[in-house]
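Spelled out from the first residue to the last, the chains are:
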Amino acid sequence: SLTTSSAKDTIVEIVWLDAEACGEGGWMDLELGMETAAKAPPLMRTLGYVLHTAEEFISVTDSIGPDECGTINKIPNKMIKEIYRYDRPGSDRGE
């Protein structure tokens, strides 16, 4: 887990496969269902500040302040294809 101050310096882009539910809760035509079932899940990209890393998942937020943060996305590691790290210029100087 990272402290708030180090989280401000750790910005990542996570490329991951999203779990997907299809249909509207009622019956679906079987042919349409078979076509939908054969399509790959969407490849997503999430950009954010790392708040926590664990064996099973990573947590990122889109906004961070001294005492608050924005929405938190928890992405299971098994769904992640790539993680790109972006270091903020000046982060090694404590700015």
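Here the residue numbers are simple positions, counted from 1 along each chain's written sequence. Restriction of local features to residues with pLDDT of at least 70 applies here, the model being predicted, together with a cutoff of 80 or more for giving and counting side-chain atom pairs; totals for whole chains, interfaces and linings are based on all residues. The side-chain quantities take in all heavy atoms of the structure and omit both hydrogens and water.

(A) Focus on the overall build of the chain. Going along the chain from the N terminus, every DSSP run of H or I of four or more residues is numbered as a helix, and every run of E of two or more is numbered as a strand. Looking only at helices and strands, the chain features two helices and five strands. For the chain, with 95 residues in total, the buried portion stands at 23%. Here, two residues are considered to be in contact whenever any of their heavy atoms come within 4.5 Å of each other. Contacts in the chain between residues far apart in sequence, at least 24 positions, make up 61% of those at least 6 positions apart. With residues, only the protein chains shown are counted as cover, and all accessible areas are computed by Shrake-Rupley using a 1.4 Å probe. In the form shown here, the chain has an accessible surface area of approximately 7100 Å², with 54% of it arising from carbon and sulfur atoms. To sort residues, take the accessible area from a 1.4 Å probe on protein chains only and compare it with the maximum for the residue type: under 20% means buried, over 50% means exposed, and anything in between is partly exposed.

(B) Region of the structure containing the side chain of Thr61. Within the secondary structure, Thr61 is located in strand S3 (residues 57–61). Owing to a relative accessible area of 1%, Thr61 belongs among the buried residues under this scheme. For the purposes of these results, a polar contact is taken to be a pair of N or O atoms within 3.5 Å, where, inside protein, one atom must be able to donate a hydrogen and its partner to accept one; residues adjacent in sequence count only when each atom of the pair is a side-chain atom. A polar atom in the side chain of Thr61 sits 3.1 Å from the backbone oxygen of Ser63. Beyond its immediate stretch of four places on either side in the chain, Thr61 contacts Gly48, Tyr49, Leu51, Cys69, Gly70, Thr71 and Ile72.

(C) Seen up close, a nonpolar patch on the surface. On the surface, a nonpolar cluster with roughly 310 Å² of combined accessible area is contributed by Leu47, Tyr84 and Tyr86. Along the chain, Tyr86 turns up in strand S5 (residues 80–87). Here a patch means residues that are over 30% exposed by relative accessible area and free of salt bridges, tied together within 9 Å if like-charged and within 5 Å if nonpolar (Val, Leu, Ile, Met, Phe, Trp, Tyr). Salt bridge criterion: a side-chain nitrogen from Lys or Arg within 4 Å of a carboxyl oxygen from Asp or Glu.

(D) Seen up close, the environment of Cys22. Locating Cys22 in the fold gives a position in the loop between strand S1 (10–17) and helix H2 (30–38). Distance in space between the C-alpha atoms of Cys22 and Ala37 is 8.5 Å, their sequence separation being 15 residues. Ignoring sequence-local partners within four residues, the contact set of Cys22 consists of Met28 and Thr36.

(E) Up close: the sheet that holds strand S4 (residues 72–76). The pairing criterion for strands is at least two bridges between them, as found by DSSP. With respect to topology, five strands assemble into an open sheet ordered S4-S3-S2-S1-S5, the strand pairing being antiparallel. Of all the strands in the sheet, the pair left with one neighbour each is S4 and S5. The average angle at which neighbouring strand axes cross in this sheet is 45°, direction not considered. Where S3 lies against S4, five bridges are found, and the strand directions are antiparallel. Each residue of the ladder has a partner; that of Phe57, found in S4, is Pro76. Only C-alpha atoms enter the line fits that serve as axes; for helices the fit covers just the stretch in contact. Angles between N-to-C directions range over 0 to 180 degrees.

(F) Here's a closer look at the nonpolar core. Throughout, nonpolar core names a set of buried Ala, Val, Leu, Ile, Met, Phe, Trp, Tyr and Cys residues whose side chains join them through atoms within 4.5 Å. By size, the foremost hydrophobic cluster in this structure holds eight residues: Val12, Ile14, Trp16, Val50, Ile58, Val60, Ile75 and Ile80. Of all elements in the fold, only S1 and S3 reach the threshold of two or more residues within this core. Considering every element that reaches this core, the biggest residue donor is S1, with three residues. Ignoring any residue separated from it by four or fewer positions in sequence, one finds Ile80 in contact with Ile14, Val15, Trp16, Ile58 and Ile75.

(G) Structural detail: the pattern of salt bridges. Within this structure, the stated rule accounts for one salt bridge. Of the charged contacts, one joins Arg45 and Glu13 as a salt bridge, the two residues approaching to 2.9 Å between their closest N and O atoms. Of this pair, Arg45 sits in strand S2 (residues 43–53) while Glu13 is found in strand S1, placing the two residues 32 residues apart along the sequence.

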